[in-house]
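# Descriptive structure summary
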Amino acid sequence: MLAYITKRLILLIFVLYGVGTIVFFLIHMIPGDPVDIMLGDSAVAADKDELRKNLGLDKPVLTQYVSYLSGVVRGDLGTSIHSREKVLDEILERVPASFELMCGAMFIAILIAFPLGILSALKPYGFTDTVSMTVSFIGISMPNFWLGPILIIIFAIELDWLPANERGGFFNLILPAITLGTAMAAMLSRMIRSSLLEVLGEDFIKNARARGLSEKKVVLKHAMRNSMIPVITIIGLQVGVLLSGAIITEAIFDWPGLGSLLLDGINERNYPLVQGCILFIASIYVFVNLITDIMYAYADPRVRLQ
Amino acid sequence: MTLKNVFEKFTLSYLFGIVLALIIYIVDINLKISSVVLILSATLYSCTTYGKFHRYFLNKDEKTIVLFGFSIINLTIQILMMLIFIKVYPIEDPSKVILINIGVSVFVHPVIIFLSIILAEKQLIRKGFIKNEDIPNNKLKKDMGLFIVILFVVIALLAPLIATHDPKVINLPESLNTPTLDHIMGQDQNGSDIFSRIVHGARISLFTGLTVVFISSVVGIFLGLVSGFYGGLIDTVLMRIVDVLLAFPGLLLAIAIVAVMGPHILNVVIALSVLGWVSFARLVRGQVLAVKEREFVYAARTSGQSDLRVMFMHILPNIMSPVIVQATFSIAGVIIAESSLSFLGLGAPPGTPSWGLMLSEGTKELLDAPHVSIFPGAAIMLLVIAFNFIGDGLRDLLDPKTEKK
Amino acid sequence: MTDILKIKDLTKHYVQKSAFFKKETGRANVLNGVDLTIIENEISGLIGESGCGKSTIAKLIMMLEESSSGTISFRGEDINSVSGRGKKNYYKNVQMIFQDPYSSLNPRMKVKNIIGEMIRINGGSKRDALLKTKEMLCETGLEESAMDKYPHEFSGGQRQRIAIARALVVRPKLLIADEPVSALDLALQYKIIDLLLTLKAKYKFSILYISHDLNSVAKFCDNVSVMYLGKIMEKASADKLLKEGKHPYLKALIESIPIKDPLHRTDKRSVIKGEIPGPHNIPVGCPFHPRCPERMAVCDQEIPVLKGIEGDHAVSCHLF
C-alpha cells in the first residue's frame, strides 16, 4: 500500500509540473502583445511598460518560466492586474462559496441517485426502473445551462418558492445545487444500478439468499458493500465535472465562487488571475483524484498490483 | 424496425399534426373547445401510432391489454405537455394553437413514442410475454437517434432554404415578440427570427461536433495504436502527456485556451480537439494491448508486412467498435461543450446564431420572454439526446456479449 | 543432411522492473541454453510440459521477441542480423501455424484476403494472389466457395486448414507448428497431421512440430527433442526415443502414458512426483533433480550437458 501511495505521489508531482507548464504557456498563446490586450489600446505607454515589468514579460521566456514555477511552489500566483491584490488571496476569498455549492450539489446528487439506483436494481425492467432510467438519461443529456434557467422559470418566477440569485441562506443554495447536481445524480444512479445488478448476479449473493436472509438484508448488507467500489470512483471523477460545471452554474445564479472569479478574470483580460484560477482548480481536481485512487486501492487490493 | 419504418411513422405524425392544425384554423371554432379537441385527437392519434409500433413487437392480441395501460400514461404525458405549451403561449389567436400543435408534433411526439415503446417492452418482459433478447430495442434506439440526427443534418445543409427569415436581421421594434405565424418561434431581444437562427445554429453545432471528433479520433487512434503497439518509451511519454491533460477537469482547459485565443468558432474547435484526442488515445491503446497478444496479430507480424500495415489493417478493424461508440458519445459531449463555451461568451462571437449564445442571451430576458431561451435549449437537448441514443444503441449492439445473436 | 535452422545456447529471460527506479524486482528464466537443430526436409518434434518454454522458442524463431543471448541461424545466417528486406525474405522462408485456430485468423478479413495477402506482400499481383489462394484452398481440402467467407463461418478444423493454407501459400522452407492440433477433436487431429504430411511430401519443407503429446509426436516426427524448464533433456530419432529413452524424466513421461489393458499395468510405474517449478525459481544444478527418482549427490551441484551417446541420440543427465 505504501509503495502504491509513493508511486502515486511521484506521479502527482509530475502531473502538477505539467499542469503548471501548460498554465504558464497560456499567456504566451495570446495572439499579439498580451500587454496591449490586457490594458486595451488606449493605455499609456508608461503603464504598459510597468505592467510588462511586473509580469516579467520583458525577460527571456526561460527566466519567466523558472520564476513562475518557483513562485507557484512558494504559493505566489502573481498579482491581479487592476485590483493589484495577490491572486491567491482573491482565490481563497471565493473558495467558501464554491465549496458550499459543491457540497450542496454532491448532497443532492447522492440524495437522488442512491434511492433511484437501488430501487431500479431491485426490480430491473420494472416500472420504477424504466422511469428512473429514462429520467437519468434525460438528466445526462440536459445541459445545466438550460436546466438552470428552466428551474428559475418554474420555481423562482412562476411559483415564487425559492430565491434564484446570489448567495445567502440555505434556500438560496437549493436551485444552484440542483442545477449542478442533476447531471451527477443521473450518472451516479445509472452506475449504482449497473454495479448493483452485477453484484446481485454473483454466487455469494445467491448463497446469502439461500441461507434465508431477507432480501433487504441481502441487498443492503452484502450487495451494497461490494458494489460501492466503482461508485466511489465515479463520485471522485465527477468532482471534476462539478468543478467545471460550477463555472456555468455560478454564471447563471451570480454565485460568487471560483467560477465567477475565473469568468470575471477572462472578461477583464486579467490573465494572472485566469492563470491562478485554472492552476488552483486543476490542482484541487488532481488531489481529489489522488484521494479517490488511494481509497479505491484500499478497498480493492487488486488495483495496487497494476 | 428499419430506419424507413421509423421515418414513415414520424412523417405521418408530423403531417397529422399540421393537417389537424390547419383544419382547426379553417373552421375557427371556439378556441377553448378546439384546444381540448386537439389534445384528445392528438392523443388518440399517438395512441394508434404506438399501437402500430407495439404490434410490430407482438403480433398477438392478448398482449394489447398491457399496452392499453401505457396508452393512458401516454395520454397523461401528452396532456401535461400541452398544458405546459399553453402556459408558455397564452392562447389569444388561432395561430398559437397551430403552433402548439406543430410544437407538440415536432418535439414531443418522437420522445413520447419512444418512451411508450420502451415502457411497453419492459412491462412485457416482466410479465413474461417476451424475452429480453426478442426486442430490437437497441436497434430502435439507434435508428431513433439516427433519424433525429439526419433530420438536423438536412436542416443544417438546407438552412438558407428552410429558414423563413435572415437570421442576422435586427428588428428592434419587434424585439421579444412571442411566436406568431410569421415568426413561428418568436423573436429574440434584437427582433431576429428565432426559428431561422435555430436552423442556422444547427450548422454551427454539427460543424463543431463533427470536426472536433474527426480531428481528435484521427489523432487519438494513431497515437493510441503506436503507443500500444510499440510500448516502451513512446508509450511512457504519451501516457504522461495524457495524465497531464486529464488533470484539467472537464471544460477547464478548453475555457482557458479559448479565453486567451479569443471567441471564435475555430478556436473552440482547436481547444476541444486539444483535449479530445486524449480519450481516444487511451481507449485505443487499451484495446491494442488486448488485441496485440492474439495469434492473428502474430501471424500478421510474421507475414513480412510493415508494422504500420499490421496496425491499420489487422489491429484497427478489430478495435473499431468501441471507438465508434466513443465517437458518438463524444459528438454529444462536444455539442454541449461548444454550447457551454458560447453560453459563457467564449465560443461563437456575439451575433452568431449559435444555440449556446442564443440561450445565454435568452436567459437575460427570462422574466419577460421565456420562449427566447426555451427553443435553443430544446434544440441542444434534442440533438444531444439523439447522439446519446445512437451511442447507447450502438454500444449494446456492438457489445461482444450480445454479438453472438 | 544439411541443417536448415540451428539454435545455439539460446536463452530468454523476462525481467520485471519497478516503475520508477527500474530496479529489478523479478526474473523469469524461460529458456536456459537451448541447442536445437532442424534438418532440411525432416520433421523435428519438440515436446515438453506446458510452461517449459517451447512456445517461446517458436516466438524467438519467428522474431516475435528478442532472445537474451545465443544465436538462431537460418541456413547459416544469424537471424538477428537481418532487417528490412532480409526480414521479409526470412518470413517468406519461415512460416508458422498457431495453436488456437479461433484466434489465429483475423475475424474482420475474408479468407481470400487472409491468404491472398501473403502473396500481395511478397509482390504478387491481385490476379496472382487470387489464383494461388484458390489453388491452396483446394490443396488443403476446402471448397472454392470458402474464398468469400469470414473465419467465423468455419469450424475449428476448417480454420486450421485455412491457417495452413496461409502459411504454405508462400512455399516456405520451414514451418513452425506450435501445437497445431491440440485444440481439435482427436479424429480431426489425425486428419490435419495427415494433411501436413501430404503437403510436406509435395512441397518439400521442414517442420518444427511443437507438442506436449509424446505419443503423437513419436508417430510422425523424424527426430524428437524433450524439453524441461528451458533446457533440452534428451534428443533422439523418434522410434529410438520411445523404446530406449534414457533420461529419468523421459522414462517417467513414457510410463505416464495410460495403458489400455489393466493386466499389463504394473505397480512399479514411477509417476513423477511434485509439480513443475515455475521459471521464477529454476532449481540449481540439474533442473529436474527435485523430482528425479534417481537423484545423485552431483545433481544439485552441477548442470549436466547434452552428451551424445550413440549416433544422434544425446542425453543431458549425470547418469550417462
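Calculation criteria
- Residues numbered from 1 in each chain as written.
- Chains lettered and ligands numbered in written order.
- Predicted model: local features only at pLDDT ≥ 70, side-chain atom pairs only at ≥ 80, totals over all residues.
- Heavy atoms only, no water.
- Core = buried A, V, L, I, M, F, W, Y, C linked by side-chain atoms within 4.5 Å.
- Buried < 20%, exposed > 50% of the residue type's maximum accessible area, 1.4 Å probe, protein only.
- Contact = heavy atoms within 4.5 Å.
- Helix = DSSP H or I, 4+ residues; strand = E, 2+ residues; numbered from the N terminus.
- Expected span 1.5 Å × (residues − 1).
- Bend = angle between axes of the 7 residues up to and from the residue.
- Salt bridge = Lys/Arg side-chain N within 4 Å of Asp/Glu carboxyl O.
- Pairing = 2+ DSSP bridges.
- Right-handed = clockwise from strand over helix to strand, strands pointing away.
- Axes fitted to C-alpha atoms, helices over the stretch in contact; angles between N-to-C directions.
- Left-handed = near helix turned anticlockwise from the far one by under 90°.
- Nonpolar A, V, L, I, M, F, W, Y, C, P; charged D, E, K, R; others polar.

### With respect to the nonpolar core
Of all hydrophobic cores here, the largest spans 179 residues; its most connected members are A:Val19, A:Leu262, A:Ile278, B:Leu225, B:Ile255, B:Trp355 and B:Phe387. For B:Trp355, the residues in contact, after removing those within four places along its chain, are B:Phe152, B:Arg197, B:Ile198, B:Gly201, B:Ala202, B:Ser205, B:Pro376, B:Ala379, B:Ile380 and B:Leu383. Core analysis: the second largest hydrophobic core is formed by 56 residues, C:Ala165, C:Leu175, C:Ile193 and C:Ala236 among them.

### A few points about helix 10 (residues 265–292) of chain B
With 28 residues, helix 10 of chain B should cover 40 Å at 1.5 Å per step; its first-to-last C-alpha distance of 39 Å lies within 8% of that length. Along its length, helix 10 of chain B reaches its greatest deviation from straightness, about 30°, at B:Ser273.

### Here's the deal with the pattern of salt bridges
All names here are of chain A. Tallied over the full model, the rule gives 17 salt bridges over all chains. Among the salt bridges present, the one from Arg8 reaches Asp293, with a minimum N-O distance of 2.4 Å. Taken together, the residues span a long stretch of sequence, with Arg8 in helix 1 (residues 2–26) and Asp293 in helix 12 (residues 271–299) at a distance of 285 residues. Residue classification places Asp293 among the partly exposed residues on the basis of a relative accessible area of 21%.

### Here we look at the pairing of strand 7 (residues 174–178) of chain C
Residues and elements named next belong to chain C. Of all five residues that make up strand 7, five are buried, and the element is covered over most of its length. Side chains Leu174, Ile176 and Asp178 of strand 7 all project onto a buried face; the interleaved residues Leu175 and Ala177 project onto the opposite face, where all are buried too. Here strand 6 (residues 94–97) runs beside strand 7; their pairing, made up of four bridges, is parallel. Note that in strand 7 the partner of Met96 across the bridge is Ile176. In the sheet, strand 7 pairs with strand 8 (residues 206–211) via five bridges, with the strands oriented parallel. Note on strand 8: the bridge partner recorded for Ala177 is Tyr209. The parallel pair strand 7 and strand 8, bridged by helix 6 (residues 186–203), forms a crossover whose chirality is right-handed.

### Overview of the packing of helix 7 (residues 194–230) of chain B against helix 12 (residues 307–343) of chain B
Residues and elements named next belong to chain B. The interhelical angle for the contact between helix 7 and helix 12, taken along N-to-C directions, is 145°, at an axis separation of 8 Å. At the point where helix 7 passes helix 12, the crossing takes the right-handed sense. Along the lines of polarity and charge, the residues of the contact of helix 7 with helix 12 split into 22 nonpolar, four polar and two charged.

Remember, this is a structural readout, not a statement about activity or role.
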